Amino acid sequence: MAGSSHGTGSGVGEDKSFRSKQNEDVNKKLKYISLAILVIQNASLILSIRYVRTLPGDRFFATSAVVMAEILKGCTCLLIILFQKRGNLKEFGVLLYDSIVVQFRDTLKLAVPSLIYTLQNNLQYVAISNLPAATFQVTYQLKILTTALFSVLMLRKSLSRVQWVSLLLLFAGVAVVQVQQESGKQKEASAADSGQSYGKGLVAVVVSCLSSGFAGVYFEKILKGSSASVWLRNVQLGIFGTVLGLLGLWWNDGAAIAEKGFLFGYTPMVWGVILNQAFGGLLVAVVVKYADNILKGFATSFSIVVSTIMSVYLFGFHVDLVFTLGAGLVIGAVYMYSLPKPSVAASSSASAVSHGRSNPGGDSELEAFLSKNPVKEKES
């Protein structure tokens, strides 16, 4: 009997070991898939927006694209919540009524980040329309600097020495790229294209980075004091985003849209950009459940390389030694900043062992919604 018991225990142990190894292999594959999706989403959105905004012919209204993306994203989050309620319309309706109407003060808190996100999304269209895709991708990483500074000021977070050094390198890298652009051929090439202004694009991307940092940290502060799901928060954001986006549309393009129509200039490529913008952030939020911060940092860095290479082939972008140096500093800084603090890494590793990684990537999922990467963050 003892021998039988020992044999059974050994078999169970081997089975657990096999399952553990199998889970590790699956997680490893999921991480590589996550990396690929993050890189593709980061690079494709910027390149596709640049492409559709520089094509000859009728140009769509960026304000209408922002509104359409908000509507699609909000509807998607509603469907996810309905799915979580297993199609029970009564529970679904009660949840929305209680969360949005009854707790209206809580809902109104999201008006501020929603206003900033709407402004940010419109500014990103302006920036990408006036800057080379690779230059925008590099410069837009300043959002890491602004987010870090607002986190220190508003959330009293502490940064490691490595992170402070990485922020200095990030700023230096972006400065080098801008100096190169100001004195090099890219500015002349950009100015030669119809209706493009490098200065206008630069101001737009800097203001977008500032707004992204503040809105992300403000949103995080709100979520820390709430039990509402990220999907529900995005529905609330979508309500304000749609209303504010329509106001911006009326203010900026009202007369033109009344004459030409809301969907004027929409092509299959434009719809692709809007779908990428609407669902990209939600997709990334799901994907990063299997990716840690280091992998996300590597994905962002790699997407800069992909954007630069594709810009050479698609838009005739000229890469010289100075741009390579600046972009290299930014890539290194992004990766350095994503490295965890030694104490945090040790504690998270111990927590993963003791809790069996029951909630992998929870903070990363939230961060994906804060960054709106790039047009969501929406980030990030």
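Residues numbered from 1 in each chain as written. Predicted model: local features only at pLDDT ≥ 70, side-chain atom pairs only at ≥ 80, totals over all residues. Heavy atoms only, no water.

Draft legend 1. Quick peek at the overall build of the protein. Per the secondary structure count, the protein includes 16 helices and zero strands. Taken across its 380 residues, the protein has 46% of its residues classed as buried. When the accessible area of the protein is evaluated, it comes to approximately 19100 Å², of which 66% is carbon and sulfur surface. (Helix = DSSP H or I, 4+ residues; strand = E, 2+ residues; numbered from the N terminus. Buried < 20%, exposed > 50% of the residue type's maximum accessible area, 1.4 Å probe, protein only. Areas by Shrake-Rupley, 256 points an atom, 1.4 Å probe, with all protein chains shown as cover.)

Draft legend 2. Broad picture of the environment of Ile 128. Relative to the assigned elements, Ile 128 resides in helix H5 (residues 111-130). Considered as a pair, Ile 128 and Ile 49 are 79 residues apart in the sequence and their alpha carbons are 6.9 Å apart.

Draft legend 3. How the structure looks around the nonpolar core. With 46 residues, the main nonpolar core has Tyr 125 and Phe 136 as its most contacted residues. Ile 81, Ile 100, Trp 231 and Leu 232 belong to the second-largest nonpolar core, a separate cluster that totals 10 residues. (Core = buried A, V, L, I, M, F, W, Y, C linked by side-chain atoms within 4.5 Å.)

Draft legend 4. Examining unusual backbone geometry more closely. A positive phi angle, near 55 degrees, is found at Arg 86, a position not held by glycine. Among the structural elements, Arg 86 can be located in the loop between helix H2 (62-84) and helix H3 (89-102). Here Arg 86 falls in the exposed class, since its relative accessible area comes to 81%. A positive phi angle, near 60 degrees, is found at Arg 156, a position not held by glycine. Mapped onto the secondary structure, Arg 156 falls in the loop between helix H7 (142-154) and helix H8 (161-183). On the basis of relative accessibility, which here comes to 67%, the residue Arg 156 falls in the exposed class.

Draft legend 5. Structural detail: the packing of aromatic side chains. One pass over the full model with this rule turns up nine aromatic pairs. Ring centres 5.9 Å apart and planes at 40 degrees place the aromatic pair Phe 61 and Phe 264 in the tilted group. In this pair, Phe 61 is assigned in the loop between helix H1 (2-54) and H2 and Phe 264 in the loop between helix H11 (230-260) and helix H12 (268-287), connecting sequence segments 203 residues apart. Here Phe 61 matches Phe 264 in class, with each residue buried. Ring geometry for Phe 136 against Tyr 140: centres 5.2 Å apart, planes inclined by 15 degrees, an arrangement best described as stacked. Each member of the pair, Phe 136 together with Tyr 140, is buried. Here the aromatic cluster, defined as three or more aromatic residues joined through ring pairs, consists of Phe 60, Tyr 125, Tyr 266 and Trp 271. Over the ring of Phe 60 we find Arg 53, and its NZ or CZ is 4.9 Å from the ring centre. (Phe/Tyr/Trp six-rings, centres within 6.5 Å; stacked < 30°, edge-to-face > 60°. Lys NZ or Arg CZ within 6 Å of the ring centre and 35° of its normal.)

Draft legend 6. Seen up close, helix H14 (residues 321-338). Here H14 is 18 residues long and its end C-alpha atoms lie 26 Å apart, about the 26 Å a rise of 1.5 Å per residue gives. Among the residues of H14, Phe 323, Gly 326, Ala 327, Val 330, Ala 333, Val 334 and Ser 338 are the ones counted as buried. The buried residues of H14 all sit within an arc of 130 degrees when viewed along its axis, so they share a single face. Sitting at the head of H14, Asp 320 places a side-chain oxygen 3.3 Å from the backbone nitrogen of Val 322. (Expected span 1.5 Å × (residues − 1). Arc of directions from axis to C-beta. Polar contact = N/O pair within 3.5 Å; in protein donor to acceptor, adjacent residues only side chain to side chain.)

Draft legend 7. Fine view of the layout of surface pockets. Quantified by volume, the second largest pocket comes out at close to 410 Å³. Considering the residues around the second largest pocket, the lining is formed by 21 residues, among which Arg 53, Ala 62, Asn 122, Val 126 and Asn 252 are closest to the centre. Of all the elements in the fold, those that place two or more residues in the lining of the second largest pocket are H2, H5 and H11. (1 Å grid on protein atoms, 1.4 Å probe; cavity = no way out; pocket = protein on both sides within 12 Å on 5 of 7 lines; lining within 4 Å. Points joined across faces, edges and corners; volume = space filled by probe spheres on them.)

Draft legend 8. Structural detail: the side chain of Arg 50. Residue placement: Arg 50 occurs in helix H1. Residue classification places Arg 50 among the buried residues on the basis of a relative accessible area of 6%. A distance of 3.2 Å separates the side chain of Arg 50 from the backbone oxygen of Ser 129, its partner in a polar contact.

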